[in-house]
Amino acid sequence: MASEIMEKLVALCKRRGFIFQSSEIYGGLKSCWDFGPLGVELKRNVKEAWWKSMVRSRRDVVGIDCSILMHPQVWITSGHVAGFNDPMVDCKLCKARFRADKLPESECPKEKGKRPGECKGELTEPRQFNLMFKTFMGPVEDSGAAVYLRPETAQGIFVNFKNVCDTTRVKPPFGIAQQGKSFRNEIVTENFIFRSREFEQMEMEYFVPPAEADTWYAYWRQFRYDWFIGLGISTEHLRLRDHAEDELAHYSKACADLEYLYPFGWKELEGVANRTDFDLKRHSEASGRDLTWFDEESKSRYIPWVIEPAVGVDRACLAFLCEAYHEDVVEGETRVVLKLHPKLAPYKLGIFPLVKKDGLRELALEIEDSLKADFTVYYDEGGAIGRRYRRQDEIGTPFCATIDHQTKEDGTVTIRDRDTLAQHRVHRSALADFLREKTR
Ligand code: GAP
């Protein structure tokens, strides 16, 4: 059942232009994905909703956009060069590769239903594999020119802590947020866009006085949970799971995963961590720069502690798509519908002339033009109205407006709601306000 839903969703994503395999005409590059015309709108909407909630609507958070390639010392100091490893094992028989710490969840590719090592194959001893992609800066490929593609966006924020403090009026508690690509040479990639080697992250490092760290950790855990619920994820499909002591990264005092019930099980969607003063302290020691904060009121100096909510854009898109996917029966026919929150839907409104003649096409195009600058709208004049509704349902368009002969007389159009199927008439001059209200 679960794999059937994923198969349907993957097929829909390809068929309707949400997500394609990278370099498909050459057979595809495993674990890399391209977002098509609809996917890119969905992704932008997810990122926009995050940025609005985390940066623009707050007084205490500013944004940043750092380069992907950074000084290699950053990754030595952060501990990634020495420790950003996963244990890897190979099957001596079929040569398949597995994460040694995920064997109970893995399956032998040859003998279905059996775990690696429980089949005829014998596994090698685990060995550590560093997940960072390495490349070379400049024309000479020697070790002095080696740089890494960032495996997280967070370090760009830490090394700019002083720049931001010196150039803005922030003071703890405050945050620096960033969205951008990250790269991890994962041993195993899985479940469509869930775990890939190139992905996007949305991270925020929130710098606080040490004594306030526990309070802010609790705050951000709940704030991030509420963000997903507000965008249509149901409470039955989202949970907060606290890490056990032995799961915590060496720099974390506490960490909670926001887990989503994907069709393939409960999996990490986002992490919220109390990173202590680990990163700023290490960068301060390694760079020789003072990364402390001087508190004018108490006349004391300290290294802020950091609370970090970190989420993958691709994983969030997948969760929203899984949550939205529905099949129901309308007029005796199975209807596939993506019940995406209007804020996230690639198109907000489908615009259909009832017929192409009698000036209705021109009128519909005029209405499309009047909305296009502010909303993503989709004009469709092909086929019966019922078919046109189905096409928009399948890509998650929350509303459709039909322009008919009455529109010519009194300026009203029929609005049809994707989820309730209810229809009502609205004056064309009220369409923009209607959409603004629904997508707020
Ligand atoms: N700065 C902290 C950090 O990077 P993480 O738990 O390793 O923490 C944060 O990553 C989020 O990034 C994860 O919760 C997940 O949503 C996303 N992510 C991590 N690895 C990923 C991968 N290989 N593919 C897709 N998303 C990934």
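Residues numbered from 1 in each chain as written. Predicted model: local features only at pLDDT ≥ 70, side-chain atom pairs only at ≥ 80, totals over all residues. Heavy atoms only, no water.

J.: Would you mind showing me how to read the layout of surface pockets here?
T.: Rolling a probe over the atoms, with the probe sized like a water molecule, indicates the empty space that remains. Its boundaries defined by the atoms lining it, the second largest pocket holds a volume of some 640 Å³. Taken together, 20 residues make up the lining of the second largest pocket; nearest its centre are Glu105, Ser106, Glu107, Val188 and Glu190. The element best represented in the lining of the second largest pocket is strand E5 (residues 97-99), accounting for 3 residues. In terms of residue class, the lining of the second largest pocket is built from 6 nonpolar, 3 polar and 11 charged. (1 Å grid on protein atoms, 1.4 Å probe; cavity = no way out; pocket = protein on both sides within 12 Å on 5 of 7 lines; lining within 4 Å. Points joined across faces, edges and corners; volume = space filled by probe spheres on them. Helix = DSSP H or I, 4+ residues; strand = E, 2+ residues; numbered from the N terminus. Nonpolar A, V, L, I, M, F, W, Y, C, P; charged D, E, K, R; others polar.)

J.: Help me understand the nonpolar core in this model?
T.: Nonpolar side chains in soluble globular proteins generally cluster together in the buried interior. Membership of the largest hydrophobic core comes to 59 residues, with the highest contact counts inside it found for Phe18, Val46, Trp50, Phe228, Leu269, Leu318 and Phe320. Listing elements by their share of this core, those giving two or more residues are helix H1 (2-15), helix H2 (37-56), strand E10 (198-208), helix H7 (213-230), strand E12 (254-262), strand E13 (265-276), strand E16 (305-312) and helix H9 (313-324). Sort the elements by how many residues they give to this core and H9 lands first, with 9 residues. When near neighbours in sequence (up to four residues on either side) are disregarded, tryptophan 50 contacts Val55, Ala177, Gln178, Gln179, Met202, Glu203, Met204, Arg224, Trp227 and Val311. Core analysis: the next-biggest nonpolar cluster, separate from the first, contains 19 residues, Tyr379, Phe399, Val413 and Leu435 among them. (Core = buried A, V, L, I, M, F, W, Y, C linked by side-chain atoms within 4.5 Å. Buried < 20%, exposed > 50% of the residue type's maximum accessible area, 1.4 Å probe, protein only. Contact = heavy atoms within 4.5 Å.)

J.: Any chance you could explain helix H13 (residues 431-438) here in plain terms?
T.: What sets the pattern is the α-helix's 3.6 residues per turn: residues three or four places apart point alike. What H13 keeps buried is the set Leu431, Phe434 and Leu435. Buried residues of H13, viewed axially, fall in a sector of 95°; they line one side. For H13, the exposed residues lying more than 90 degrees away from the buried face are Asp433 and Glu437. Against the buried residues of H13 lie strand E19 (349-353), helix H10 (360-372), strand E21 (399-403), strand E22 (412-417) and strand E23 (423-427). (Arc of directions from axis to C-beta.)

J.: Whenever I open this one, the site of the ligand confuses me. Can you help?
T.: Taken together, the neighbourhood of the ligand is formed by 20 residues, with Glu152, Arg184, Glu186, Glu203 and Glu268 sitting nearest. Serine 196 places a main-chain nitrogen or oxygen 2.8 Å from a nitrogen atom of the ligand. In the environment of the ligand, a nitrogen atom lies 3.5 Å from a nitrogen or oxygen atom belonging to the side chain of arginine 275. Starting from 550 Å² of accessible surface for the ligand in isolation, the protein chains cover 90%. Contributions of two or more residues to the shell around the ligand are made by E10, E13 and E16. (Near = heavy atom within 4 Å. Polar contact = N/O pair within 3.5 Å; in protein donor to acceptor, adjacent residues only side chain to side chain. Areas by Shrake-Rupley, 256 points an atom, 1.4 Å probe, with all protein chains shown as cover.)

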